[in-house]
Amino acid sequence: MAARPYWRGQIRISLVSFPVALRSALLRASQIPLHEIDRDSGERIHHLNVTESGEEVSREDIIKSYDEGDTQVPLEPDEIKAIKLPSSDVLELSTFVDRADIPVARYERPYYVLPDSEGAEEIYAVIHQALADSDKVGIGQIAMRGREELCAVMAEKGGLMLEILRYDRELVDAEEVLPKAGSKKVKSDYVELANQLIEKNAAPPDFSGFHDRYHEALRELINAKKAHRKPNLPKAAKPSGEVVDFMDALRKSLDKKGAGGGGGQRRHASRRARPKRKASR
């Protein structure tokens, strides 16, 4: 069964509007569940909701609060839910920008945009084709998940996508951190060799070969402890030494494709796995 949409409403461009539904483009990350236990007894550790005086509080009695100095403003869940913005139901694409002009640091979270009625499919297809032809993205704001998000709607192969963007206040100014690449004069023959190196390693986008090696190493560690054997963990890649002759390094790289470095963990002597015991109450 398909997951429920994260948001339902309309996309509006000037006087044109059509109903859409958003579905997350992300799969829930597959994680190995690890619990906190007492090293000696093996009993599970439980964290309680307690006040400053140490009194335990039930979940339903916990609410939000805004504190400013000695002033405390309690906010009930229903009061927060009652906040309704124009962007709660309508995503207004107020401006369009070149896709290449959006810095990578802006992108935060992707969603698929689906037409939400049969009548919306034609205008959906028209907007998708227009965005694809112009390589533009529509910028607007959408209220969901308890906040109003900045977002961009763009054409991808097969349909529209919406990407949540970070606001200015959420980003460190790149000019304060990154070196200005254009401020340093570089040799044209160096750039030519670097271009050749990039071209040699160029390929169509395929991310299927990338996988979470930490997840796999952690699973190997668990299996090894269960079997009372030494884990077969990957070795950490050793950083290369300082490049003395940059031109020579570029030429050698062109002669031989460099092997990708893999992250790994140091080998440690492991304790034997302790049989699971039920925590006493």
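Residues numbered from 1 in each chain as written. Predicted model: local features only at pLDDT ≥ 70, side-chain atom pairs only at ≥ 80, totals over all residues. Heavy atoms only, no water.

The next subject is helix α2 (residues 121-134). Compared with the 20 Å implied by 1.5 Å per residue over 14 residues, the 20 Å span of α2 between its first and last C-alpha is a close match. Within the span of α2, buried status applies to Tyr124, Ile127, His128 and Leu131. Projected down its long axis, α2 carries its buried residues within an arc of 100°, all on one side. In this structure, α2 carries Glu122 and Asp133 as exposed residues pointing more than 90 degrees from its buried face. With its phi angle positive at about 55°, aspartate 135 sits one or two positions after the end of α2. (Helix = DSSP H or I, 4+ residues; strand = E, 2+ residues; numbered from the N terminus. Expected span 1.5 Å × (residues − 1). Buried < 20%, exposed > 50% of the residue type's maximum accessible area, 1.4 Å probe, protein only. Arc of directions from axis to C-beta.)

Let us now look at unusual backbone geometry. Positive phi, normally seen in glycine, also occurs at arginine 145, with a value near 55°. Relative to the helices and strands, arginine 145 is located in the loop between β8 (136-144) and β9 (147-156). Even without being a glycine, histidine 228 presents a positive backbone phi close to 55°. Checked against the element boundaries, histidine 228 lands in the loop between α5 (213-226) and α6 (246-255).

This next bit is on the pattern of salt bridges. With the rule as written, the count across this model stands at ten salt bridges. For the salt bridge of arginine 12 with glutamate 92, the shortest nitrogen-to-oxygen distance reads 3.5 Å. Placement of the pair is arginine 12 in strand β1 (residues 7-13) and glutamate 92 in strand β5 (residues 90-92), with a sequence separation of 80 residues. Here arginine 12 falls in the partly exposed class, since its relative accessible area comes to 31%. (Salt bridge = Lys/Arg side-chain N within 4 Å of Asp/Glu carboxyl O.)

Next up on the list: a nonpolar patch on the surface. A cluster of nonpolar side chains, Tyr66, Val73, Leu75, Ile80, Ile83 and Leu85, forms an exposed patch at the surface whose accessible area comes to about 510 Å². You can see leucine 85 is positioned in the loop between α1 (77-81) and β5. (Patch = residues over 30% accessible without salt bridge, like charges linked within 9 Å, V, L, I, M, F, W, Y side chains within 5 Å. Areas by Shrake-Rupley, 256 points an atom, 1.4 Å probe, with all protein chains shown as cover.)

So, on to the environment of alanine 120. Residue position: alanine 120 is located in the loop between β7 (107-115) and α2. What makes alanine 120 buried here is its relative accessible area of 2%. With 101 residues separating them in the primary sequence, alanine 120 and proline 19 have C-alpha atoms 6.3 Å apart. Residues contacting alanine 120, with those up to four places away along its chain left out, are Phe18, Pro19 and Pro115. (Contact = heavy atoms within 4.5 Å.)

This paragraph deals with the sheet that holds strand β2 (residues 16-24). One open sheet holds the eight strands; their spatial order is β5-β1-β2-β7-β10-β9-β8-β6, and the pairing between them is mixed. Edge strands, defined here as strands with exactly one partner in the open sheet, are β5 and β6 (95-98). The average angle at which neighbouring strand axes cross in this sheet is 40°, direction not considered. Relative to strand β10 (residues 159-165), β7 is paired through six bridges, and the arrangement is antiparallel. Bridged to proline 110 within β10 is glutamate 163. Across the sheet, α2 lies against β1, β2, β6, β7, β8, β9 and β10, angled at about 80° from β9, the strand it touches most. (Pairing = 2+ DSSP bridges. Axes fitted to C-alpha atoms, helices over the stretch in contact; angles between N-to-C directions.)

Of the volumes computed, that of the second largest pocket is approximately 320 Å³. What lines the second largest pocket is a set of 14 residues, among which Ile83, Ala143, Met144, Gly146 and Arg147 lie closest to the centre. Mapped onto the lining of the second largest pocket, the elements with two or more residues apiece are β1, β8 and β9. Looking at the lining of the second largest pocket residue by residue, the class counts come to seven nonpolar, two polar and five charged. (1 Å grid on protein atoms, 1.4 Å probe; cavity = no way out; pocket = protein on both sides within 12 Å on 5 of 7 lines; lining within 4 Å. Points joined across faces, edges and corners; volume = space filled by probe spheres on them. Nonpolar A, V, L, I, M, F, W, Y, C, P; charged D, E, K, R; others polar.)

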